[in-house]
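A closer look at the structure
If you want the building blocks of each chain, they are given just below.
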Amino acid sequence: MSFPIRFDPLTYHYFSRRNVVYAKNGMVCTGNPLAAQAGLDVLRRGGNAIDAAVAAASTLTVVEPTANGIGSDAFAILYTGGKLYGLNSSGPSPMSISAEEVRSRGFDQMPEDGVIPVNVPGAPGAWAALSQRFGSMPLTETMATAIRYAEEGYPIEPGVGSGWKSSFARCKKAADRFPEVNSWFETFAPDGRPLEVGELLRLPGHARTLRAIAESNAEEFYRGSLAEEIDRFMKQHGGFLSKEDLAAFYPEWVQPLTTDYRGYTVCEIPPNGHGITVLMALNILKGLEPASDLFTETHRQIEAMKLAFTDAQRYVADPRYMAVSPEQLLGEEYAVGRRALIGSEALMPEYWEPVKGGTVYLCTADSEGNMVSYIQSNYMGFGSGVVIPGTGISLNNRGANFYLDPSLANCLGPGKKSYHTIIPGFLMKEGKPVGPFGIMGGFMQPQAHLQVLLSAIDHHLNPQDALDKPRWMWTGGKTIEVEQSFDPALLGQLARAGHKIVVRQSSVPFGRGEIIWRNEDGVLCGGCEMRTDGQVAAF
């Protein structure tokens, strides 16, 4: 028995609290144990990996609302029937919004709270699209556990409780400037305080909304009474999102972008997401001679990511408005030029000039060979802080990623998709699926993808150990933030090379991820890192 990736479990040099999990029949990995069990229950009842992903995703809106909600966006990469598919279910900006209108309201950049940064939610549409095209159960069955938890209540997990406190403080502050944020407290802080770890919460309005979505295949959300309620609230509070914007939305099936790295094919969703950043960095790195020491290897990874990320933030946008194509960013000319800039010292990255011409992740697998990499997010914690009263619909603030500078491709405009941080990943080898992987965490996501992949491919770490390995995070200029468990000797070497090192007390900013990879005999190998509340549920 051999895995496509060779695992040498004794080669890592750091503390990992969890063991990798093996199973044969099915596996669900999420950052919340209740959601993982919801997906596993669907598999046990005869559903496939797509059904399990929808079950876990809808349950996560209930049990981990600090990172996602019914008003989230979503992306997925799935392998089924011998083919790889991508789904972009991120919603566009409202048709009535513009940079000029936002500036006229006194803003010189997009606000993070209130009704202004709300884009069309895509998650309910993603559940319906996945279920209708590839699922084997109706939404009324796959979403039953989510509805039950919302109706009957569930206990708050430790990581969720921590997020609740920070979101409470943020919403308190935001409500002074954006009165519509007071709607958040009615649903998620009914006693005027953040919920505590272990405390039970019931969300009856959330349950009614989920049931309406399940029974109508999301039509009620986009073209029914729920759309009417969202429209009415937005008009009341000076928002832009309308029932017409909701009615016009449908998820988009896309072809994943890929690059080859040392015999493996790494797959990411194309822009408007920034998964392309991972592929750009890998293309830069694979042309370098193998490093002979850990410092050189880590330094090169940081430099490649800095260059790729600087360019992604400059050029990635709604693909209809990008001045540079994904093919250019993944081309050899780009990789050669950026690679040549990497030396022994930390560089201050500048944009490449081309030649003219709050998130939850989950993955699932079943015994039939289906595998799903799925991610959804309200963006910053609960998102905009806006909740449609009586519905449990907490709306995203994904529009906060737009610029108001008309010279930039990612400038706010009507009906436009913003630069997106959430990215599901998938690994292939010789045309066959290895499996899904993903790490939550805003702008940390492509950086974590790169580090986890290289730990697995170059150093043969199993999924659990690759996820638990201490991480670095580039935050701009020459600044690199690291976890407390990072190797002190390596930090000294990086500092001497010109990197400005900041040691973070909390591991939350460094992402939270899961992996499922399958071997040639069909055995599944799963990891769910120690930075999460979650688990690998399998049978």
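For clarity, every value in this text was computed on a predicted model and none was experimentally measured.

Definitions and limits used
Residues numbered from 1 in each chain as written. Predicted model: local features only at pLDDT ≥ 70, side-chain atom pairs only at ≥ 80, totals over all residues. Heavy atoms only, no water. Helix = DSSP H or I, 4+ residues; strand = E, 2+ residues; numbered from the N terminus. Rg over C-alpha atoms; globule rule 2.2 N^0.38 Å. Buried < 20%, exposed > 50% of the residue type's maximum accessible area, 1.4 Å probe, protein only. Areas by Shrake-Rupley, 256 points an atom, 1.4 Å probe, with all protein chains shown as cover. Lys, Arg positive; Asp, Glu negative; His and termini not counted. Charge placed at Lys NZ, Arg CZ, Asp CG, Glu CD. Contact = heavy atoms within 4.5 Å. Salt bridge = Lys/Arg side-chain N within 4 Å of Asp/Glu carboxyl O. Pairing = 2+ DSSP bridges. Axes fitted to C-alpha atoms, helices over the stretch in contact; angles between N-to-C directions. Expected span 1.5 Å × (residues − 1). Phe/Tyr/Trp six-rings, centres within 6.5 Å; stacked < 30°, edge-to-face > 60°. Lys NZ or Arg CZ within 6 Å of the ring centre and 35° of its normal. Core = buried A, V, L, I, M, F, W, Y, C linked by side-chain atoms within 4.5 Å. Polar contact = N/O pair within 3.5 Å; in protein donor to acceptor, adjacent residues only side chain to side chain.

When helices and strands are tallied, the chain shows 19 helices and 21 strands. The C-alpha atoms of the chain give 22 Å as radius of gyration, which agrees with the globular expectation for 539 residues (24 Å, within 12%). The dimensions of the chain, computed from C-alpha atoms along their principal axes, are 60 × 55 × 45 Å. Here the chain holds 539 residues, and 65% of them are scored as buried. When the accessible area of the chain is evaluated, it comes to approximately 19,300 Å², of which 50% is carbon and sulfur surface. Side-chain charges of the chain comprise 47 positive and 58 negative groups, with the mean position of each set lying 1 Å from the other.

Tracing the chain through its elements places Ala335 in helix H16 (residues 332–339). Using a relative accessible area of 1% as the deciding quantity, one classes Ala335 as buried. Spatially, the C-alpha atoms of Ala335 and Gly287 are 8.2 Å apart, while their sequence positions differ by 48 residues. Ignoring sequence-local partners within four residues, the contact set of Ala335 consists of Asn283 and Ile284.

Once that is clear, we can look at the pattern of salt bridges. Summed over the entire model, instances satisfying the criterion amount to 23 salt bridges. Where Arg193 meets Asp191, a salt bridge forms, and the shortest distance between an N and an O atom there is 3.8 Å. Between Arg262 and Asp458 there is a salt bridge whose closest N-O contact spans 3.0 Å.

A word on the pairing of strand S15 (residues 432–440). Within S15, eight of the nine residues are buried, leaving the element largely enclosed by the surrounding structure. Counted along the chain from strand S14 (residues 425–429) to the antiparallel partner S15, the turn is two residues long, and its residue Glu430 has a positive phi close to 55°. Where S15 and strand S19 (residues 512–518) come together, four bridges link them in antiparallel fashion. Across the sheet, residue Met440 finds its bridge partner in S19, namely Arg512.

Turning our attention to the sheet that holds S14. Pairing is antiparallel across the open sheet formed by seven strands, whose spatial order is S1-S20-S19-S15-S14-S9-S8. The strands lining the two open edges of the sheet, one partner per strand, are strand S1 (21–23) and strand S8 (257–261). Averaged over all neighbouring strand pairs, the angle between strand axes comes to 20°, with direction disregarded. In the sheet, S19 pairs with strand S20 (residues 524–528) via five bridges, with the strands oriented antiparallel.

Taking 1.5 Å per residue as the helical rise, helix H9 (residues 204–216) with its 13 residues ought to reach 18 Å, and the 19 Å between its terminal C-alpha atoms agrees with that figure. Among the residues of H9, Gly205, His206, Ala207, Thr209, Leu210, Ala212, Ile213, Ala214 and Ser216 are the ones counted as buried. Where H9 ends, the next residue or the one after it, Asn217, has phi of about 55°, a positive value.

In this structure the tally under the stated criterion is 17 aromatic pairs. Between Trp184 and Phe382, the ring centres sit 5.1 Å apart and the planes meet at 85°, which makes this aromatic pair edge-to-face. One exposure class covers both Trp184 and Phe382, and it is buried. Through a chain of ring-to-ring contacts, the aromatic side chains of Trp164, Phe168, Trp184, Phe185, Phe188 and Phe382 assemble into a single cluster. Over the ring of Phe185 we find Lys172, and its NZ or CZ is 5.5 Å from the ring centre.

Right, let's talk about the nonpolar core for a bit. Judged by nonpolar contacts, the single largest core of 117 residues is most densely connected at Val62, Trp127, Tyr154, Trp164, Trp184, Phe221 and Tyr374. Ranked by residues supplied to this core, first place goes to helix H2 (residues 49–63) with ten residues. In this structure, Tyr154 is in contact with Leu34, Val62, Val63, Pro65, Tyr149, Trp164, Glu199, Leu200, Leu201 and Leu203, ignoring residues within four places of it in sequence. In this structure, Met280, Leu282, Met305 and Ile480 belong to the second largest nonpolar core, which totals 61 residues.

With that out of the way, let us pick up the side chain of Thr259. Relative to the helices and strands, Thr259 is located in strand S8. Of the polar contacts made by the side chain of Thr259, one reaches the side chain of Asn283; its length is 2.4 Å. Here the side chain of Thr259 touches Lys286 through a polar contact of 3.4 Å, side chain to side chain. With residues near it in sequence (within four places) discarded, Thr259 still touches Tyr264, Thr265, Val266, Leu279, Leu282, Asn283 and Lys286.

Take it as geometry only, folks, not as evidence of what the structure does.
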